[in-house]
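Listed below are the residues making up each chain.
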Amino acid sequence: MTAAKRELHGRRVGRPLRHRGQRALQELLPKLRVPLAGDGPIDPCALFGRAVDGVWLEIGSGDGTHAAWQAAQNPDIGVIAVEPFMNGIASLVAMAEERQLTNIRVLDDDVRLLLDRLPPQSINRAFILFPDPWPKRRHWRRRIVNPSVLDELARLMPIGAELRVATDVQDYLVWMLRVLRAHPDFDWAPRSADDWRVRPHDWPGTRFEEKGLEAGRRSTYLSMKRAA
Ligand SMILES: C[S@@+](CC[C@H](N)C(=O)[O-])C[C@H]1O[C@@H](n2cnc3c(N)ncnc32)[C@H](O)[C@@H]1O
């Protein structure tokens, strides 16, 4: 997808950034940003300035808590966090600096601008955590868990790679299960209800999950595999 064709919905900026956030965007973001210039393929392994054992992609990383945690816990993995909301990006790049995370790169734009630039089988794990639910029926086509994004992820993920998806919106859960289970390249094989009710130990909570819990909503955690 080209920048000209993109149709991004949702917020790009929120409350005005304080000094720390402004500095993060001005000084740190240029060093960590995935370069989209040109229209050729982007080798994600080459983005980190050092060898990595694989690349994980988070789509809609929000304030970056989850991406920063994964990068800290998995120093040999390169983590790409994509988030068009600039306040979230400022928070993540500031965290990356504070925690001296050298294995994080960010894209402050629509993930679809990146997906079709990545080579096949170049993403070893992907996360879509608490995506915007777009509750009105006329907005459902904006939902990021949709057949065309899944087609791209299927192209990018090797067999057996994990796709983690979560939501606390029942209506979106039904939608997700329908599109995920209808997709021939993703398998979901839970062994018990705990598989979707209990967040695994290597999956930290996110800001949106916390907000949902405070409002009394239960979250569902789906771990899909790229099918053979
Ligand atoms: C409800 S928030 C969840 C954020 C985070 N995952 C969490 O759990 O706290 C969904 C995020 O997806 C981002 N988003 C929406 N459309 C996107 C797109 N096309 N590409 C990348 N991120 C997107 C939004 O900006 C928003 O921050």
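For the structure, check the block above.
Our subject in this report is the structure included herewith. (Residues numbered from 1 in each chain as written. Predicted model: local features only at pLDDT ≥ 70, side-chain atom pairs only at ≥ 80, totals over all residues. Heavy atoms only, no water.)

As for a positive patch on the surface
Basically, it comes down to this: Only residues whose relative accessible area exceeds 30% and that form no salt bridge enter a patch; like-charged residues are grouped when within 9 Å of one another, and nonpolar side chains (Val, Leu, Ile, Met, Phe, Trp, Tyr) when within 5 Å. Areas reported as accessible are Shrake-Rupley estimates using a 1.4 Å probe. Residue values count occlusion only from the protein chains shown. Salt bridges are defined by distance alone: a side-chain nitrogen of Lys or Arg within 4 Å of a carboxyl oxygen of Asp or Glu. The positive count covers Lys and Arg only, the negative count covers Asp and Glu only, and His and the chain ends enter neither. Charge coordinates come from a single atom per side chain, which is NZ of Lys, CZ of Arg, CG of Asp or CD of Glu. Buried means the residue's accessible area, taken with a 1.4 Å probe over protein chains only, is under 20% of the maximum for its type, while exposed means over 50%, and partly exposed covers the values in between.
On the surface, a cluster of positive charge is made up of Arg11, Arg15, Arg18, Arg207 and Lys211. Relative accessible area serves as the criterion here: at 58%, arginine 11 is assigned to the exposed category.

Quick word on the environment of proline 204
Keep this limit in mind: Strands are runs of DSSP state E lasting at least 2 residues, helices are runs of H or I lasting at least 4, and numbering of each runs from the N terminus.
Structurally, proline 204 can be placed in the loop between helix H7 (194-197) and helix H8 (207-214). The class of proline 204 is buried, set by a relative accessible area of 10%. Sequence separation between proline 204 and glutamine 73 is 131 residues, and the spatial gap between their C-alpha atoms is 11 Å.

Section: helix H2 (residues 65-73)
Rules: Any two residues whose heavy atoms approach within 4.5 Å are treated as being in contact.
Listing the buried residues of H2 in full gives His66, Ala67, Ala68, Gln70 and Ala71. Lining the buried residues of H2 we find strand E1 (54-59), strand E2 (77-82), helix H3 (86-98), strand E3 (104-107), strand E4 (125-129) and strand E5 (162-167).

Brief notes about the pairing of E1
For the record, the criterion: A strand pair is defined by DSSP finding two or more bridges across the two strands. For the handedness criterion, the strands are oriented away from the viewer, and a crossover whose path from the first strand over the helix to the second runs clockwise is classed as right-handed.
Burial within E1 is extensive, with six of its six residues counted as buried. Of the two faces of E1, the one carrying Gly54, Trp56 and Glu58 and the one carrying Val55, Leu57 and Ile59 are both buried. Judged from the six bridges that link them, E1 and E2 form a sheet pairing that is parallel. The residue of E2 that forms the bridge with glutamate 58 is alanine 81. On the question of chirality, the crossover connecting E1 to the parallel E2 by way of H2 is right-handed. The pairing of E1 with E4 spans three bridges and is parallel. Bridge pairing in E4 places glutamate 58 opposite phenylalanine 127.

A look at H3
Helical geometry note: an α-helix holds 3.6 residues per turn, so side chains three or four residues apart project in the same direction. Heads up, the rule is: What a helix is expected to span follows from its residue count: subtract one and scale by 1.5 Å.
Counted at 1.5 Å a residue, the expected span for H3 with its 13 residues is 18 Å, and the 18 Å between its end C-alpha atoms agrees. Taken across its 13 residues, H3 has 10 buried, putting it largely inside the fold. When H3 is considered as a whole, its buried residues turn out to be Met86, Asn87, Gly88, Ile89, Ala90, Leu92, Val93, Ala94, Met95 and Ala96. Contacts from the buried residues of H3 go to helix H1 (19-32), H2, E2 and E3. One or two residues past the end of H3 sits glutamine 100, with phi positive at roughly 55°.

Thoughts on the site of the ligand
Let me state the cut-off plainly: One heavy atom within 4 Å of a molecule or strand is enough for the residue carrying it to be called near that molecule or strand. Nitrogen and oxygen atoms within 3.5 Å of one another constitute a polar contact, given that in protein one can donate a hydrogen and the other can accept it, and given that sequence-neighbouring residues count only through two side-chain atoms. Residue polarity follows a fixed list, in which Ala, Val, Leu, Ile, Met, Phe, Trp, Tyr, Cys and Pro are nonpolar, Asp, Glu, Lys and Arg are charged, and the others, Gly among them, are polar.
The environment of the ligand is formed by 16 residues, the closest being Gly60, Glu83, Leu129, Phe130 and Thr206. Here an oxygen atom of the ligand and a side-chain polar atom of glutamate 83 are 2.5 Å apart. Contacts to the ligand include leucine 129, whose backbone N or O atom sits 2.7 Å from a nitrogen atom. Here the ligand, which alone exposes 590 Å², has 91% of that area covered by the protein. In the shell around the ligand, the residues fall into nine nonpolar, three polar and four charged.

Side note on the pattern of salt bridges
A full pass over the atoms with the stated rule returns 14 salt bridges. The partner of glutamate 162 in a salt bridge is arginine 125, and the shortest N-O contact between them spans 3.4 Å. Taken together, the positions of glutamate 162 in strand E5 and arginine 125 in strand E4 put the pair 37 residues apart, joining distant regions of the chain. Overall, glutamate 162 belongs to the buried group, its relative accessible area being 11%.

A closer look at the environment of threonine 102
Position of threonine 102 relative to the elements: it lies in the loop between H3 and E3. For the pair threonine 102 and alanine 126, spaced 24 residues apart in the sequence, the C-alpha separation amounts to 19 Å. At 3.2 Å, the side chain of threonine 102 forms a polar contact with the side chain of arginine 50.

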